[in-house]
Structure formats: structure tokens, C-alpha cells
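The residues making up each chain are set out below.
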Amino acid sequence: MTVKYNDQGVLTMGNVSLQTIAASFGTPTIVYDEEQIRTQCRRFHEAFKESGLSYNISYASKAFSSIQLFKLMEEEEMGLDVVSEGELYTALASGFDPSKIHFHGNNKTNEEIEYAIESGVEYFVIDSLDEITRINRLASKPIKAVLRVNPGVEAHTHEFIQTGQEDSKFGLSIKHGTALEGVRALQESDKIDFKGIHFHIGSQIFEADGTINTIQIVFEWLKEHDIEIDILNLGGGFSIKYTEADKSYPIEDGIKLITDAIKENSQKYDMAIPEISIEPGRSIVGEAGVTLYQVGTIKEIPNVNTYVSIDGGMSDHIRTALYDAQYKALLVNRNDEDTHEVTIAGKLCESGDLIGRDMKLPKSTKIGDYIAVLSTGAYHYSMSSNYNQMLKPSVLFVKDGKAREVIKRQTLKQLIMNDVK
Ligand SMILES: Cc1ncc(COP(=O)(O)O)c(C=O)c1O
């Protein structure tokens, strides 16, 4: 993390004072270290180059979508995974090359299918049998596609972010035969060029076992049914550190284990090694972002708890309410190590609107102080809402000692823009 206290005890990111940013841009604000995002992209590239395999890395834009981020991704030679017309629209508005975009979704609308085809996306990730029928009907020109399969594997992560288990809305089941049905329908289609297989077994996964297990299942299944593929897309899932309790999953070790498993399986089953695609989201932007808030109220309930309330909450930080996700917070304007445990609460009308319980903050924390919640770069802005008519926060990138706004704070006017008056 490039977030650290400077000699004056002020929290900085890339040598820029987060106190100055909070004071000049207001709070809540999400601040990213641009260099750290670039480093993560480069680590994935290096790890794949080391493997010698042909590869493609597509940033999973659901983690955080913005025009400036997409421009950065293109500079870092990343592709994009999009999952809705909105994500595709944002990518195209950034000037992103559509031939490097994959279009996902377990329930693509007809309009989305047509929009993605017209835009010239590289391939579709097909998620249902019905989608094959609809693409065959709607496609005005031939398209490429991979099929998302459900391998029936449980990744070691929170059940809400597991996606490869048997009971899942994603993909077609290998075990129950619908995946094979899908492959055969794609092979027969004259509108769709079947390119390969996709799986994504979950997110915030901290070991390679589940992915390696799935690779084995997929290769065995491909061999059994004599299915040839050009692309094997492994999805995303690399974990990040939210708190000291999180196990880190180094990209380099993970890619080595995974690519070794691919090499072994292709040898075992005498199959050519396909191009390997991955779609990391969280591991690219998660640790690079922090959210700045201002403390507005402190409430002590004697012998029970201390509530430190900040000027945002579940409208920009939903993951705690959603999966009891854990975070670390630091005081921005002082480096004071004399801490105690408090509950950091949001200002929205839900008891579950918390940044977290038992979080360490200095005993000296007072109204008006700024705090930084760490590792909020993924699934924060992209999951933000206008609950309680809260305004969406601004987003900044820090680079070379300077901060620039990449998304402006929503305004009150914009909040009611679509209301019929
Ligand atoms: C299909 C697919 N690919 C990639 C990702 C990105 O996962 P992560 O952010 O864990 O890398 C997701 C996340 O839900 C996904 O559903």
C-alpha cells in the first residue's frame, strides 16, 4: 500500500496529503493510486509472460467502471470484460477498442445483444441455452463466443461471491449435461463461431486449489466429449488484503500454479494448450483505492460501544452490509497509535449501515477529523447507490504527486434530473 503517514503525521497516498484532498474535494471521496493500478496490470502480464503461454488479460469492469480508468487499462494493454449495456457504453465512450471487449451476463437483453454485436465486441460469454437461440435469431453478422460452464466447484470464499457451485444462476452445468448441450448448439450454429470455454468460480479467492480443480474437471470433460477449444477463460477471483487477517494470494504464485496445471492437463489429455484468458477485477483496483470520510458524530454508550459516524455509508460502502466484509480505517490528520475499538457507522437509515464493528481508531478521534477506509477500490463506487438520496462520491486519481478528479461528485440537480416535475 502506498498509503502511509508522512513526517508530519499526515496520511498520504503517493506523497499527496489525503488531508489536503479531503479538505479541497470534500468527502466522501474515493482516491486511487494510479501507479498501483498500473503495477497490478503489469504483474499479471509479467506472470503470464513467464509461463510462456499465449494469454489475454481483461479487466473486469464491474469492479470499478470509469472513462479515465478504461483509458488507463488500454494503455496497460488490458482487454475489458463488460456485463451490461451501461458498462459497454462507458467503455466505448472512453474510446476503448471494442475488439478487446468481452460481453458477459446471465440474462442479456435482446437490446444488449444487438448493441454488443453492432459495437463489434471480440466475443460473447454465453451463459444459457436460451441465449444461443436468441443470438442465432438476432445476430445481423457472425460473432464469436465462449460458453460459461458451471463446474460444480465450491471456491473458498463467502457464499455470496461463490459462483461455481452446482446451485448457481451462472453458467451451464457440466454435471447435468447442459454445458455439453450448449457446446453442441454453438458448434451447429452458423451465426456463432464457438471459440472456447469460460468459468469463474468466485471472488476474493485466496488459494489456487479451486481453480486447479476446475481446470482438471474442464480438461477431462473436453477430452471425454472431443471438444476442441481455442480459448480457455478462467474468470477473475484473486483476493486482496482488506485487513491484516486476510491471506494474500500473490499474483505471480497463483498464475504459476494455474498455468502449470494447464500445461499438465493438456499433456495428460493430449490436447493443444488454448489461449488463456483471465478477468481480474478486485485484484487490479481494490487495494489501490481508499475512501475518505469526515467524522460528524461520536456517540458513547457506556460499557457497550462507541459509535463514530461518518458522512457516507452504505450508499458508497455496501459490502459490509452485504457480506459482513471487514475493513481497516486510519485517521488521516494524525498518526496516533493510542487506539481503541469502535464501530464506524454510516449516516443512512439502516442499523446495518456500518463500515465495521470493532475497528481500531485513535482514542483521540474527534468530530471534524478525516478517516480513510482502506482497500475500497473495488465494488465500492460501482455498487454505490442514491439510497436516502445520498449523492454519489467523487473519485480521484493520484499520480506523480498530483491529484486529478476522474468522476465528479454527483450534484443535487443530477439527483432529481430524471424525476418528472
Ligand atoms: C465472470 C466474472 N469474471 C470476473 C469477475 C471479477 O472477479 P474479481 O473481481 O474477483 O477478480 C467476476 C466477478 O464477479 C465475474 O463474475
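That block above? That's the structure.
Note that this is a predicted model, so its numbers are computed, not measured.

Reading guide: rules and limits
Residues numbered from 1 in each chain as written. Predicted model: local features only at pLDDT ≥ 70, side-chain atom pairs only at ≥ 80, totals over all residues. Heavy atoms only, no water. Buried < 20%, exposed > 50% of the residue type's maximum accessible area, 1.4 Å probe, protein only. Helix = DSSP H or I, 4+ residues; strand = E, 2+ residues; numbered from the N terminus. Right-handed = clockwise from strand over helix to strand, strands pointing away. Pairing = 2+ DSSP bridges. Phe/Tyr/Trp six-rings, centres within 6.5 Å; stacked < 30°, edge-to-face > 60°. 1 Å grid on protein atoms, 1.4 Å probe; cavity = no way out; pocket = protein on both sides within 12 Å on 5 of 7 lines; lining within 4 Å. Points joined across faces, edges and corners; volume = space filled by probe spheres on them. Nonpolar A, V, L, I, M, F, W, Y, C, P; charged D, E, K, R; others polar.

Explain the pairing of strand β6 (residues 79-82) to me, and be specific about the residues and the numbers.
Both faces of the sheet carry side chains from a regular strand, because those side chains alternate between them. Side chains Gly79 and Asp81 project from β6 onto one buried face, and the interleaved Leu80 and Val82 project onto a second face that is buried too. Since β6 and strand β7 (residues 101-103) lie parallel, the crossover through helix α4 (residues 85-93) that links them has a hand, and here it is right-handed.

Give me the pairing of strand β8 (residues 123-126): which residues, what numbers.
Going residue by residue along β8, you find Tyr123 and Val125 tucked away on one face and Phe124 and Ile126 tucked away on the opposite face as well. Pairing analysis gives two bridges linking β7 to β8, with the strands arranged parallel. Paired with phenylalanine 103 across the two strands is phenylalanine 124, which belongs to β8. Chirality of the crossover, the property in question, places the unit of β7, helix α5 (residues 110-119) and β8 among those that are right-handed. Looking at chain direction, β8 and strand β9 (residues 143-150) are connected through three bridges and run parallel. Its bridge partner being in β9, valine 125 is matched across the sheet by valine 146. Each parallel crossover has a hand, and for β8 linked through helix α6 (residues 129-138) to β9 it is right-handed.

Please provide a residue-by-residue account of the packing of aromatic side chains, values included.
Applying the stated criterion across every chain, the model contains eight aromatic pairs. Ring geometry for tyrosine 32 and phenylalanine 64: centres 4.9 Å apart, planes at 15°, overall stacked. Of this pair, tyrosine 32 sits in strand β4 (residues 29-33) while phenylalanine 64 sits in the loop between β5 (55-60) and α3 (67-75), and the two are 32 residues apart along the sequence. Just as tyrosine 32 is buried, phenylalanine 64 falls in that class too. On the numbers, 5.3 Å between centres and 90° between planes, the contact of phenylalanine 44 with phenylalanine 238 is edge-to-face. Pair noted here: phenylalanine 44 is in helix α2 (residues 34-51) and phenylalanine 238 is in the loop between β12 (231-233) and α9 (251-268), with a separation of 194 residues, a long-range link. A connected cluster of aromatic rings, assembled from ring pairs, spans Tyr32, Phe64, Tyr381 and Phe397.

I'd love a proper account of empty space enclosed by the protein, names of residues and values included.
The method is simple in principle: a probe with the dimensions of a water molecule rolls over the atoms, and the space it marks as empty is what remains. Here the structure, examined in full by the defined rule, presents two cavities of 30 Å³ or more. Its boundaries defined by the atoms lining it, the largest cavity holds a volume of some 90 Å³. Taken together, Ile205, Thr211, Leu234, Gly235, Gly236, Gly237, Phe238, Tyr249, Ile255, Ile258 and Ile278 make up the lining of the largest cavity. Each residue belonging to the lining of the largest cavity can be placed in one class, and the counts come to seven nonpolar, four polar and no charged. Here the second largest cavity is characterised by a volume of approximately 40 Å³. Contributing to the lining of the second largest cavity are Gln36, Gln40, Ile240, Ser283, Ile284, Val285, Gly286, Glu287 and Ala288.

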